[in-house]
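Structural characterization, general
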Amino acid sequence: MNRRNFLHTGLGATAALAFSQSSLAAFASRTSLAAMKESAAFLNVPLGFQSWSVKDRLGKDFPGTLKTMSDMGYQLVELCSPAGYKDAGFGFLTTMKTADIRKTIEDAGLHCPSCHFGFSELKDHTDDSIQFAKEMGMSQMVCSSFGVQKTATIGDWQAACDKLNKAAEKIHSAGMQTGYHNHEGEFATLDGQLIYDVLMARLDASMVRMQFQTEVINLGYKASTYFTKYPGRFISSHLSDWTADKKEMPIGQGVIDWKEYFNAAKTGGVKNFFVEMEFDKFKDSAPYIKSL
């Protein structure tokens, strides 16, 4: 190779290398920026609370309790359906117009994106439930439980899934997301199968998202395991923390690894977090969660 060809080839390779390195740096920068934006958006998700654990206080002073929760740093409330939970502590809401319930919540500086409905409400009174949710400005309608008997078979659980799938089609058409909330019963083994895995296989992944309750840590099951196992299948989660001997503690003072939890929640697709604990645990839980 003569000198001219050598210089031409060498300089070309050097320029190509420089260009390649520049392109890679730019790509890395864009990727890093996108990841940072994604993480920032995830970490800035408003923190919510589930109304069930403070229902007695809400019944005595609805606007005052909402304001107290807002002052603690909570921005969202997940309600329980007044119609479905009339005899379970939410009967006081049946005396209010839906518009007034919503206004009271918003006047306290809160927003209500989600609500628990009884299974019968969703499958037998779908239109009425949808109407309530839409008037409230909700985006999520969560089935709180199938309410199956302890003697239920795998077939009974699957049949319940099929009914929820059918209701979810209507809810989806109305522009909202259907959810399913677990309790400890879904983490029992039946016919050699974990019931929760049976539900995940039967529920329509395109229509029904899951709401994971972290309390099942008391049975040895971690939310992070299922967020990772079933990516994108979750819509929200109920947060509570516990000691090894099953004593409820403020978030961050129990056995759950919350950094692991929130990292896995991104994989799971979780959009909303609702703390559900005894009233005296809420105050210390909010700042810890936000510190992460």
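For the structure, check the block above.
In short, a report on the structure. (Residues numbered from 1 in each chain as written. Predicted model: local features only at pLDDT ≥ 70, side-chain atom pairs only at ≥ 80, totals over all residues. Heavy atoms only, no water.)

Structurally, Ala-159 is set in helix α8 (residues 154-173). By relative accessible area, which is 34% here, Ala-159 ends up partly exposed. (Helix = DSSP H or I, 4+ residues; strand = E, 2+ residues; numbered from the N terminus. Buried < 20%, exposed > 50% of the residue type's maximum accessible area, 1.4 Å probe, protein only.)

Take the pairing of strand β3 (residues 111-117) next. When you tally the buried positions in β3, you get six out of seven residues, the bulk of the element. Sheet analysis places strand β2 (residues 76-80) next to β3, joined by four bridges and oriented parallel. Across the sheet, the residue bridging to Leu-79 is Cys-115, located in β3. (Pairing = 2+ DSSP bridges.)

Reading around the circumference, β1-β2-β3-β4-β5-β8-β9-β12 is the order of the eight strands in this closed barrel, with parallel pairing throughout. The average undirected angle you get between the axes of adjacent strands in this sheet is 30 degrees. Packed on one face of the sheet, helix α9 (residues 195-202) meets β5 (177-181), β8 (208-213) and β9 (234-239) and runs near 160 degrees to β8. Across the face of the sheet, helix α11 (residues 258-268) comes into contact with β9 and β12 (272-275) while running at roughly 160 degrees to β9. (Axes fitted to C-alpha atoms, helices over the stretch in contact; angles between N-to-C directions. Contact = heavy atoms within 4.5 Å.)

Before going further, it helps to examine the packing of helix α5 (residues 98-107) against helix α7 (residues 126-136). Contact geometry for α5 and α7: axes closest at 9 Å, N-to-C directions at 40 degrees. One element, α5, and the other, α7, form an angle in the oblique class. Between α5 and α7 lies a crossing of right-handed hand. Contacts between α5 and α7 pair Thr-98, Ile-101, Arg-102 and Ile-105 from the former with Phe-132, Lys-134, Glu-135 and Met-136 from the latter. (Parallel < 35°, antiparallel > 145°, perpendicular 65-115°, else oblique. Left-handed = near helix turned anticlockwise from the far one by under 90°.)

None of this, on its own, says anything about what the molecule does.
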